[in-house]
Amino acid sequence: KMFTRSNCTVNKFVLLGLAESPDVQLLLFGVFLLVYVFTLLGNVGMMTLVRTDPHLHTPMYFFLYHLSFADACYSTVIMPNMLVSFISRNKDISFSGCVAQLYSFIFFGIIECYLLAVMAYDRYAAICSPLRYVVMLPKAVCVWLVSASYTLGFLYAAIYTGCTFGGSFCNSNVIDHFFCDIGPLLKLSCSDWVLREKVIFAFVSLNGISTSGVILISYLYVLSAVLRTRSAQNRSKAFNTCASHLMVISLFYGTGFFTYLQPSNSHNGLDKVAAVFYTLVTPLLNPFIYSLRNRDVKEAFMKRMKRGFCLH
């Protein structure tokens, strides 16, 4: 469970985290504990609503169910370990733990990228071709699209993780980050990492361009269809339906592109700030953005609450 090069061995890493001051760490523990609790409540709650309410058994909410699952797991990969480090002051992570964390983080991150693209196509189908919506996205196609997202997540996570840990670490074992991420780990590599970084950059570009391209094209068609609508009420409804999706995409892709589409030697303190947004804030906001701006979800939530009160 360790990499070896000459007399250099690494069997654990040290994560510097977000702050060194004990008082600041205690404050961050409280803040991020609340973030994590609300992230789990929001995403698990969304999954429960989609699973139990028959009115939400549509392609859009089928994709949203899996997005919520990916978000809950995405946050869980990073948050518990970070919370423990705030309290225990122990910033160590084993080599195998670091590998597992990076792989899981990339796996769920890639799934989220492709699910966001699939959901953009879903909005295109619902708004631009409402009469053919059921034909364009039958249950079998929805299952296939979600399965493809998970499969691509599995494959790309293996490629990224293999390239990141494909060398030796003998310069240092101190990671200037709050979790095991590609850039900070490559900076610690004492073997030739340039080729591995180029491979990672190529696949990140491929994933980013392909998924964001689908999203951009889908929403250009949606915008065109909305502008052709004569009814102001229908235009407003269409914009509201898509606004939540666009808010999530802008936050997730903006901070992600900033972090991963730059050379590892160009990374600085801003990377931690960007990482907080795409790893911790986005999974928190997703269920609330969709629920607050979606009438179907609001109605399902109110029904659930009424049933709860009736039982008591």
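To be clear, the structure that these remarks concern was listed above.
The model shown is predicted, which means the values in this text are computed figures rather than measured ones.

The rules behind each value
By convention here, each chain's residues receive numbers from 1 onward along its written sequence. This being a predicted model, a pLDDT of at least 70 is required before a residue's local features are given, and a value of 80 or more before pairs of side-chain atoms are given or counted; all residues contribute to the totals for chains, interfaces and linings. Side-chain measures were taken over the full set of non-hydrogen atoms in the model, leaving aside hydrogen atoms and water. Helix and strand assignments come from DSSP, with helices taken as H or I runs of at least 4 residues and strands as E runs of at least 2, each series counted from the N terminus. Relative accessibility decides the category of a residue: with a 1.4 Å probe and only protein chains considered, values under 20% of the type maximum give buried, values over 50% give exposed, and everything between is partly exposed. In what follows, residue pairs with any heavy atoms lying within 4.5 Å of each other are defined as contacts. For accessible areas, the Shrake-Rupley method is used with a probe of radius 1.4 Å. Any residue's cover is judged against the shown protein chains and nothing else. What counts as a ring pair is set by centres within 6.5 Å for rings of Phe, Tyr and Trp (its six-membered ring), and what kind of pair is set by the plane angle: stacked under 30 degrees, edge-to-face over 60, tilted for all other angles. Grouping buried Ala, Val, Leu, Ile, Met, Phe, Trp, Tyr and Cys residues that are joined through side-chain atoms within 4.5 Å yields what is termed a nonpolar core. Any Lys or Arg side-chain nitrogen found within 4 Å of a carboxyl oxygen on Asp or Glu counts as a salt bridge. When two cysteine sulfur atoms are found within 2.5 Å, that pair is recorded as a disulfide. Expected span of a helix, by definition, is 1.5 Å for each gap between consecutive residues, and there is one gap fewer than residues. Take the seven residues that end at a residue and the seven that start at it, fit an axis to each, and the angle between those axes is the bend at that residue. Only strands that DSSP links by at least two bridges are regarded as paired with each other. Structural elements are reduced to axes, namely lines fitted to C-alpha atoms, with helices fitted over the stretch in contact, and the angle between N-to-C directions of any two is expressed from 0 to 180 degrees. Here the term patch refers to residues with relative accessible area over 30% and no salt bridge, with like charges joined within 9 Å and nonpolar side chains (Val, Leu, Ile, Met, Phe, Trp, Tyr) within 5 Å. A clockwise turn of the near helix away from the far one marks a right-handed crossing, whereas an anticlockwise turn of less than a right angle marks a left-handed crossing. Amino acids outside the nonpolar list (Ala, Val, Leu, Ile, Met, Phe, Trp, Tyr, Cys, Pro) and the charged list (Asp, Glu, Lys, Arg) are all regarded as polar, and Gly is one of them. When describing relative orientation, an angle under 35 degrees is termed roughly parallel and one over 145 degrees roughly antiparallel, while 65 to 115 degrees is termed roughly perpendicular and anything else oblique.

What should I look at first to understand the overall build of the chain in this one?
The helix and strand inventory of the chain stands at 10 helices and five strands. With 312 residues in all, the chain has 48% of them scored as buried. Here the contacts in the chain between residues at least 6 apart in sequence split such that 79% fall between residues at least 24 apart. Accessible surface for the chain amounts to roughly 15,600 Å². Of this, 68% is attributable to carbon and sulfur atoms.

What's the story with the packing of aromatic side chains in this structure? I'm lost.
The geometry of an aromatic ring pair is captured by two quantities: the separation of the ring centres and the angle between the planes. Applying the stated criterion across every chain, the model contains 21 aromatic pairs. A ring pair is formed by Phe-252 and Tyr-253, whose centres lie 5.8 Å apart and whose planes are at 85°; its orientation type is edge-to-face. In this structure, Phe-252 and Tyr-253 share a single accessibility class: buried. Through pairs of rings, three or more aromatic residues link up here, namely Tyr-74, Phe-105, Phe-178, Phe-179, Phe-252, Tyr-253, Phe-257, Tyr-260 and Tyr-278.

I'm lost on the nonpolar core in this one. Help?
A general trend in soluble globular proteins is that nonpolar side chains are found buried together. One finds Phe-13, Phe-32, Phe-105 and Leu-185 to be the most contacted residues of the largest nonpolar core, which totals 88 residues. At 18 residues, the largest contribution of residues to this core is made by helix α3 (residues 95-128). If we ignore the near neighbours within four places in the chain, the residues touching Phe-13 are Lys-91, Asp-92, Ile-93, Phe-95, Cys-98, Phe-165, Phe-169, Asn-173, Ile-175, Leu-185 and Leu-188.

Is there a simple way to explain the pattern of salt bridges in this structure?
It is possible for side chains bearing opposite charge to pair when their charged atoms get close. Going through the model one piece at a time under the given rule, you end up with three salt bridges. Across the pair Asp-92 and Lys-12 runs a salt bridge, and its minimum N-O distance is 3.0 Å. Taken together, the residues span a long stretch of sequence, with Asp-92 in strand β4 (residues 92-94) and Lys-12 in strand β3 (residues 12-15) at a distance of 80 residues. In this structure Asp-92 comes out as partly exposed when scored by relative accessible area, which is 32%. Since its relative accessible area comes to 36%, Lys-12 is described here as partly exposed. A salt bridge links Asp-176 to Lys-272; the shortest N-O distance between them is 2.9 Å. In this pair, Asp-176 is assigned in the loop between β5 (174-175) and α6 (182-188) and Lys-272 in helix α9 (residues 270-292), connecting sequence segments 96 residues apart.

Looking at this structure, I do not really get the state of the cysteines. What am I missing?
Linking two cysteines covalently through their sulfur atoms gives a disulfide. Within this structure, the stated rule accounts for one disulfide. The residue that forms a disulfide with Cys-98 is Cys-180, at a sulfur-sulfur distance of 2.0 Å. Judged by the torsion about the S-S bond (-125°), the Cys-98/Cys-180 disulfide is left-handed. Of this pair, Cys-98 sits in helix α3 while Cys-180 sits in the loop between β5 and α6, placing them 82 residues apart in sequence. Take Cys-98 and Cys-180: they sit in the same class, and that class is buried.

Mind showing me how you'd approach helix α2 (residues 59-88) here?
An α-helical turn contains 3.6 residues, so a residue and the one three or four places further along point in the same direction. The end-to-end C-alpha distance of α2 is 44 Å, a good match for the 44 Å that 30 residues give at a rise of 1.5 Å each. The sharpest bend along α2 measures roughly 35° and falls at Thr-76, with the proline Pro-80 sitting one to four residues further on. Two residues or fewer past α2, Arg-89 is found with a positive phi of approximately 65°.

Can you help me understand the sheet that holds β3 in this one?
Sheet strands pair by backbone hydrogen bonding; their relative direction is either parallel or antiparallel. The three strands are arranged β4-β3-β5 in an open sheet whose pairing can be described as mixed. Since the sheet does not close on itself, it has two edges, and those belong to β4 and β5, each with one partner. As judged from the three bridges shared by β3 and β4, these two strands associate in the antiparallel manner. Among the inter-strand pairings, Val-14 is bridged to a residue of β4, identified as Asp-92. Contacts from α3 reach β3, β4 and β5 within the one sheet, and its direction differs from that of β4 by about 85°.

Even after reading the chapter, I still don't get a nonpolar patch on the surface, so can you show me in this structure?
Side chains of Leu-33, Leu-34, Val-37, Phe-38, Leu-41 and Phe-288 sit close together on the surface and give an oily, nonpolar patch of about 530 Å² of accessible area. Note on placement: Val-37 falls in helix α1 (residues 22-52). Note on Val-37: relative accessible area 37%, which makes it partly exposed.

Just checking my understanding: could you explain the packing of α3 against helix α5 (residues 139-164) for this structure?
Helix-helix packing: each pair is described by the crossing angle between the helix axes and the interaxial distance. It is the contact of α3 with α5, at a shortest axis distance of 8 Å, that shows an interaxial angle of 145°. In this structure, α3 crosses over α5, and the sense of that crossing is right-handed. A class-by-class count of the residues in the contact of α3 with α5 yields 19 nonpolar, four polar and no charged.

What am I meant to see in the packing of α2 against α3 here?
Two elements in contact, α2 and α3, have axes separated by 9 Å at closest approach and are oriented at 155°. Classified by the angle between their axes, α2 and α3 sit roughly antiparallel to one another. For the element pair α2 and α3, the recorded crossing hand is left-handed. Among the residues making up the contact of α2 with α3, the classes are represented as 18 nonpolar, five polar and four charged.

Remember, this is a structural readout, not a statement about activity or role.
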